[in-house]
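Here is what each chain is made of, one letter per residue.
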Amino acid sequence: ILNKAYQFNQDISTINYNLAAYYLYDNQPQLAYKFFEKGLAINYSEHSLLLSRFPIAMKNETISQLISKYKNQSQ
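Quick notes on the rules
- Residues numbered from 1 in each chain as written.
- Predicted model: local features only at pLDDT ≥ 70, side-chain atom pairs only at ≥ 80, totals over all residues.
- Heavy atoms only, no water.
- Helix = DSSP H or I, 4+ residues; strand = E, 2+ residues; numbered from the N terminus.
- Contact = heavy atoms within 4.5 Å.
- Salt bridge = Lys/Arg side-chain N within 4 Å of Asp/Glu carboxyl O.
- Buried < 20%, exposed > 50% of the residue type's maximum accessible area, 1.4 Å probe, protein only.
- Phe/Tyr/Trp six-rings, centres within 6.5 Å; stacked < 30°, edge-to-face > 60°.
- Expected span 1.5 Å × (residues − 1).
- Core = buried A, V, L, I, M, F, W, Y, C linked by side-chain atoms within 4.5 Å.

Chemist: Got a minute to help me understand the environment of Ala20 in this structure?
Modeler: Structurally, Ala20 is set in helix α2 (residues 13-25). Between the C-alpha atom of Ala20 and that of Ala32, which follows or precedes it by twelve residues, the distance is 4.0 Å. Non-local contacts of Ala20, meaning those with residues more than four positions away in its chain, are made with Ala32, Phe35, Phe36 and Leu50.

Structure representation (structure tokens):
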């Protein structure tokens, strides 16, 4: 369902963040990072959506690096 929604709404951050959470849960980190970074680029402030649904993501070094990268860009 999320992939179908993404086909029509690629620029909606919540769809990207939900896909990232799903791919992290499904042990597909490269896809998760792709969608997480796209979500950050669209709307940085909504990244807490992923973290609330998948809190263990904060322990992921790549996720933390992406948050830091976009935090600096959003200021």
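Chemist: How do you make sense of the pattern of salt bridges when you look at a structure like this?
Modeler: Enumeration according to the criterion identifies one salt bridge in this entry. Lys69 is the salt-bridge partner of Glu37, the closest N and O atoms lying 3.0 Å from each other. With Glu37 in helix α3 (residues 29-42) and Lys69 in helix α5 (residues 61-74), this pair connects stretches of sequence that are 32 residues apart. A residue is classified by how much of its surface remains accessible, and Glu37, at 25% relative accessible area, is partly exposed.

Chemist: Would you mind showing me how to read the packing of aromatic side chains here?
Modeler: Remark: the centre distance and the inter-plane angle together describe each pair of aromatic rings, the angle taken between the planes. Under the defined criterion, the tally for this structure stands at five aromatic pairs. Considering the side-chain rings of Tyr6 and Phe35, the 5.1 Å spacing of their centres and the 90° angle between planes classify their relative orientation as edge-to-face. Of this pair, Tyr6 sits in helix α1 (residues 2-8) while Phe35 sits in helix α3, and the two are 29 residues apart along the sequence. Residue Tyr6 is classed as buried on the basis of its relative accessible area of 13%.

Chemist: Help me understand α3, please; the structure alone is not making it clear to me.
Modeler: Counted at 1.5 Å a residue, the expected span for α3 with its 14 residues is 20 Å, and the 20 Å between its end C-alpha atoms agrees. Among all positions of α3, only Ala32, Tyr33, Phe35, Phe36, Gly39 and Leu40 are buried.

Chemist: Any chance you could explain the nonpolar core here in plain terms?
Modeler: Soluble globular proteins: nonpolar side chains tend toward being buried together. Among the nonpolar cores identified, the biggest contains 23 residues, and Leu24, Phe36, Leu40, Leu50, Ala57 and Ile63 are the most heavily contacted of them. Taken together, the elements giving at least two residues each to this core come down to α2, α3, α4 (48-53) and α5. The leading source of residues in this core is α2, at seven residues. Those residues within four positions of Leu24 in sequence are excluded, and the remaining contacts are Ala32, Tyr33, Leu50, Phe54, Ala57, Asn60 and Ile63.

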